[in-house]
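Chain by chain, the residues run as shown.
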Amino acid sequence: MQKPELDDGQRTLAGRVTAMIEGLGPGDDHSDALPALRELTRDSLVLGDVLGDYLHQVMAGSQAGTISLWPVLELLRAAGADEERAAAKATWLRTSPVTPPR
């Protein structure tokens, strides 16, 4: 499977989205971060790419990890993440010979 690619600007945005999410810390509900996320980007491919990273973590991680990431998955979905892009990215990460750093 070929790696789903983003252009340079989209990669930069994906990095910013990931940094924002990582800064949220633990929580049961991140819905209050939705306006800030939408202000950062509404690009569904960027959001889907980041969602794919987190879906991969859920698939490869423990049950506790899945539970802790659930609010992030919901936030990205509420922001309009492209589910097909997310599935393609998660599949690529799962099947690639070497999992690249995020």
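The preceding data block contains the structure.
Residues numbered from 1 in each chain as written. Predicted model: local features only at pLDDT ≥ 70, side-chain atom pairs only at ≥ 80, totals over all residues. Heavy atoms only, no water.

Engineer: Lay out the packing of helix α3 (residues 44–60) against helix α5 (residues 83–95) in plain terms, naming residues and giving numbers.
Structural biologist: Between α3 and α5, whose axes approach to 7 Å, the crossing angle comes to 45°. By the angle class used here, α3 and α5 are oblique. Judged by the twist between their axes, the crossing of α3 over α5 is right-handed. Between α3 and α5, the residues in contact are Leu45, Gly48, Asp49, Leu51, Gly52, Asp53, Leu55, His56 and Met59 and Glu83, Arg85, Ala86, Lys89, Ala90, Leu93 and Arg94, respectively. Split by residue class, the contact of α3 with α5 holds seven nonpolar, three polar and six charged. (Axes fitted to C-alpha atoms, helices over the stretch in contact; angles between N-to-C directions. Helix = DSSP H or I, 4+ residues; strand = E, 2+ residues; numbered from the N terminus. Parallel < 35°, antiparallel > 145°, perpendicular 65-115°, else oblique. Left-handed = near helix turned anticlockwise from the far one by under 90°. Contact = heavy atoms within 4.5 Å. Nonpolar A, V, L, I, M, F, W, Y, C, P; charged D, E, K, R; others polar.)

Engineer: Quick one: what's the story with the pattern of salt bridges, residue by residue and with numbers?
Structural biologist: Per the counting criterion, the structure on display carries six salt bridges. Arg85 serves as the salt-bridge partner of Asp49, at 3.0 Å between the closest nitrogen and oxygen. A residue pair is termed long-range when its members are at least 10 positions apart, and Asp49 in helix α3 and Arg85 in helix α5 qualify at 36 residues. For Arg85, a relative accessible area of 11% translates into the label buried. Between Lys89 and Asp53 there is a salt bridge whose closest N-O contact spans 2.9 Å. Of the two residues, Lys89 sits in helix α5 while Asp53 sits in helix α3, which places them 36 residues apart along the sequence. Assessed through its relative accessible area of 8%, Lys89 is described here as buried. For Asp53, a relative accessible area of 10% translates into the label buried. Through salt bridges with shared partners, a single ionic network connects Asp49, Asp53, Arg85 and Lys89. (Salt bridge = Lys/Arg side-chain N within 4 Å of Asp/Glu carboxyl O. Buried < 20%, exposed > 50% of the residue type's maximum accessible area, 1.4 Å probe, protein only.)

Engineer: Kindly report on the nonpolar core, identifying the contributing residues and their values.
Structural biologist: Formed by 24 residues in total, the largest nonpolar core has its most connected members in Val17, Ile21, Tyr54 and Leu76. Elements supplying a minimum of two residues to this core: α1 (8–22), α2 (34–40), α3, α4 (63–78) and α5. When residues in this core are grouped by element, the largest group, seven residues, is from α3. (Core = buried A, V, L, I, M, F, W, Y, C linked by side-chain atoms within 4.5 Å.)

Engineer: An account of the environment of Gly48 is requested, with residue identities and associated values reported.
Structural biologist: You can see Gly48 is positioned in helix α3. By relative accessible area, Gly48 is classed as buried at 0%. A C-alpha to C-alpha distance of 12 Å links Gly48 and Thr18, two positions 30 residues apart in sequence. If sequence neighbours within four positions are ignored, Gly48 has contacts with Ala81, Asp82, Arg85 and Ala86.

Engineer: Requested: an account of the packing of α3 against α4, with residues and values cited.
Structural biologist: Across the interface, α3 lies against α4 with an axial gap of 10 Å and an inter-helix angle of 165°. Between α3 and α4, the angle is such that the two are roughly antiparallel. For the pair α3 and α4, the crossing hand works out as left-handed. Contact residues: α3 offers Leu47, Val50, Leu51, Tyr54, Leu55, Gln57 and Val58, while α4 offers Thr66, Leu69, Val72, Leu73, Leu76 and Arg77.

Everything listed here is a matter of coordinates, which is why it stays silent on function.
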